[in-house]
Amino acid sequence: MTSHIMPTYNRLPVTFERGEGAWLLDENNNRYLDAISGIAVCNLGHAHPSVHKAICAQSEKLLHTSNIYKIANQERLADQLTEKSGMDNVFFCNSGAEANEAAIKLARKFGHEKGIDYPAIIVMDKSFHGRTLATLSATGNSKVQQGFAPLVEGFVRVPYNDINAIKQALADNKNIVAILVEPIQGEGGINIPAADYLNQIRSLCDQHELLMMLDEIQSGIGRTGKFLAFQHNNIIPDVCTLAKALGNGVPIGACLARGKAAELLTAGMHGSTFGGNPLACSAALAVLATLGEDNLIELARQKGEAICAGFTEHLQGNPHIVDIRNKGLMIGIELDSPCAELVKSALQQRLLINVTNDTTIRLLPPLIIDEEQIKLLVDTLSTLINNYTEQTAQKT
Ligand SMILES: Cc1ncc(COP(=O)(O)O)c(C=O)c1O
């Protein structure tokens, strides 16, 4: 039968009916180990009882009112997010792209207040910030932009993890008002910058009076072993965007701001009908409570180490492995040639993984993954990788 879904995704031939923690079950009750968590969304795993309970309880009372009224859950969530992050206030929306749109608007407003008529934002090669027109223009991947010109103006691109390139861009362009960067690039290939990269960006932003804007949409909410990845660097940005795991599957995005950035928008300048509604905020509140109660952030760090140690051992001596890298449970295994086919072979073994930037296997397992599941993940995927690289080597 013809599908009536617009074909914007190449979908794998499987449909899931239910989830239980790190497992997804298909229509025939086959269990798949989920090592991608709906792309960094279900950090607490599937059907987590605390999220289930919170959204059921909230839906009995109220799903939605409007941002023209006070929303108690939104106030509570903003209190907790600002307390955990060191930021001052929050704008709530429904997705990562929207959170970044808010950040881009903040940067532009900041520029205009400084008397800059054509404010520009430094963005990075291989970045990913979303699919709306402004966020795809900020994204450093020409495939995402192809066919959608004219792009939104006001972005200056530099290589990732290259402080000198930022300094050069600042010297060349007096209209720069902000730097937008992922603490770890997710879609770009799990690219982990130098340990002091964010600290150096912080200093440059202070020196040049720019907004430091961090896209933590993939790296945030405990995944890297800190609540937010920038907390590994003991810095605080001026703007920080969240989405994905904030609601563990219930759509919610957030743009957090601090200091001067927190004072830029006043009533009527930005909005969202659904943004921060009682239901979405109830899910996010349950997520934050569970992360703390179950010590999941520290566990993410430990589990990430265990998984990478396992892969290092099993893939030792395989000359086609370029790198195994991670920050907590944001894990990349880079091969020396394209390996997208591995996603299908893993699916046949009932293991869900992802390949990004052609050659990097990306793993984003749920923070609740247990020891047995870790062993299954490492054993199954190492065997698949070793067989795959052997076969491709034979072909060439
Ligand atoms: C770093 C980053 N920013 C932004 C986005 C866009 O988020 P959304 O798909 O919720 O709009 C993503 C999604 O993959 C992301 O990884």
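Residues numbered from 1 in each chain as written. Predicted model: local features only at pLDDT ≥ 70, side-chain atom pairs only at ≥ 80, totals over all residues. Heavy atoms only, no water.

## Remarks on the overall build of the chain
Check the secondary structure of the chain and you find 12 helices and 15 strands. With the C-alpha coordinates aligned to their principal axes, the bounding extent of the chain is approximately 60 × 55 × 45 Å. Out of the 396 residues in the chain, the part that is buried amounts to 53%. Here the chain has roughly 18400 Å² of accessible surface; of this, 50% comes from carbon and sulfur atoms. Here the chain carries 33 positive and 42 negative side-chain charges, and the mean point of each set is 2 Å from the other. (Helix = DSSP H or I, 4+ residues; strand = E, 2+ residues; numbered from the N terminus. Buried < 20%, exposed > 50% of the residue type's maximum accessible area, 1.4 Å probe, protein only. Areas by Shrake-Rupley, 256 points an atom, 1.4 Å probe, with all protein chains shown as cover. Lys, Arg positive; Asp, Glu negative; His and termini not counted. Charge placed at Lys NZ, Arg CZ, Asp CG, Glu CD.)

## Considerations on helix α7 (residues 163–172)
Considered for burial, the residues of α7 that qualify are I163, A165, I166, A169 and L170. Seen from one end, α7 has its buried residues packed into an arc of 160°, which puts them on one side. The outward face of α7, more than 90 degrees from its buried face, is lined by the exposed residues N164 and D172. Taken together, the buried residues of α7 touch β5 (120–124), β6 (155–158), β7 (176–181) and α8 (197–208). (Arc of directions from axis to C-beta. Contact = heavy atoms within 4.5 Å.)

## Observations concerning the pattern of salt bridges
Counted according to the given criterion, the structure contains 11 salt bridges. The partner of E298 in a salt bridge is R301, with the nearest N and O atoms 2.7 Å apart. Here E298 pairs with R301, and both are found in helix α10 (residues 296–314), just 3 residues apart, close to one helical turn. Across the salt bridge formed by D323 and R325, the nearest N and O atoms sit 3.0 Å from each other. (Salt bridge = Lys/Arg side-chain N within 4 Å of Asp/Glu carboxyl O.)

## Topic: the packing of helix α2 (residues 49–61) against helix α9 (residues 278–293)
It is at 8 Å that the axes of α2 and α9 come closest, and there the two elements cross at 150°. One way to sum up the angle between α2 and α9 is to call them roughly antiparallel. Seen from above, α2 lies across α9 with right-handed handedness. The residues of α9 that touch α2, namely those facing S50, V51, A54, I55, Q58 and S59, are P278, L279, S282, A283, A286, V287 and T290. (Axes fitted to C-alpha atoms, helices over the stretch in contact; angles between N-to-C directions. Parallel < 35°, antiparallel > 145°, perpendicular 65-115°, else oblique. Left-handed = near helix turned anticlockwise from the far one by under 90°.)

## Some thoughts on the sheet that holds strand β3 (residues 31–34)
An order of β1-β2-β3-β13 is seen for the 4 strands of this open sheet, with the pairing classed as mixed. Two strands bound the open sheet, and with one partner strand each, they are β1 (16–20) and β13 (351–352). The pairing of β3 with β13 spans 2 bridges and is parallel. Note that in β13 the partner of L33 across the bridge is L351. (Pairing = 2+ DSSP bridges.)

## Examining the domain arrangement of the chain
Assigned domains within the chain: domain 1 (16–34 + 296–395) and domain 2 (49–293). On a C-alpha basis, the centres of domain 1 and domain 2 stand 28 Å from each other. Each side of the interface is counted separately: domain 1 has 21 residues, and domain 2 has 23 residues. Counting the surface lost from both domain 1 and domain 2, the interface buries some 1700 Å², and carbon and sulfur atoms represent 62% of this. Of all residues in domain 1, I297, K327 and M330 bury the most surface against domain 2, accounting for 40% of the area lost on that side. At the boundary of domain 1 with domain 2, the tally comes to 1 salt bridge. In this structure, E187 and R362 form a salt bridge, with 2.8 Å as the shortest nitrogen-oxygen distance. In this assembly, domain 1 and domain 2 are joined by 10 residue pairs in polar contact (both at pLDDT 80 or more). Among the secondary structure elements, those contributing two or more residues to the side of domain 1 that touches domain 2 are α10, β11 (321–327), β12 (330–335) and β15 (360–363). Of the residues in the side of domain 1 that touches domain 2, the class split is 10 nonpolar, 6 polar and 5 charged. (Domains from an automatic or database assignment. Buried area = accessible area lost by both parts, 1.4 Å probe. Polar contact = N/O pair within 3.5 Å; in protein donor to acceptor, adjacent residues only side chain to side chain. Nonpolar A, V, L, I, M, F, W, Y, C, P; charged D, E, K, R; others polar.)

## A word on the packing of aromatic side chains
Enumeration according to the criterion identifies 2 aromatic pairs in this entry. Ring geometry for F16 versus Y32: centroids 5.2 Å apart, planes at 80°, classification edge-to-face. Pair noted here: F16 is in strand β1 and Y32 is in strand β3, with a separation of 16 residues, a long-range link. For F16, a relative accessible area of 28% puts it in the partly exposed group. Here the aromatic rings of Y160 and Y197 are separated by 5.4 Å at their centres, their planes lie at 75°, and the arrangement is edge-to-face. (Phe/Tyr/Trp six-rings, centres within 6.5 Å; stacked < 30°, edge-to-face > 60°.)

## Structural notes on the layout of surface pockets
When its volume is computed, the second largest pocket comes out at roughly 620 Å³. In terms of lining residues, the second largest pocket is bounded by 27 residues, among which Q74, V90, F91, F92 and H270 are the most central. At the level of secondary structure, the elements contributing two or more residues to the lining of the second largest pocket comprise α3 (72–85), β4 (89–93), α4 (96–113) and β10 (253–257). When grouped by side-chain class, the residues that make up the lining of the second largest pocket number 16 nonpolar, 9 polar and 2 charged. (1 Å grid on protein atoms, 1.4 Å probe; cavity = no way out; pocket = protein on both sides within 12 Å on 5 of 7 lines; lining within 4 Å. Points joined across faces, edges and corners; volume = space filled by probe spheres on them.)

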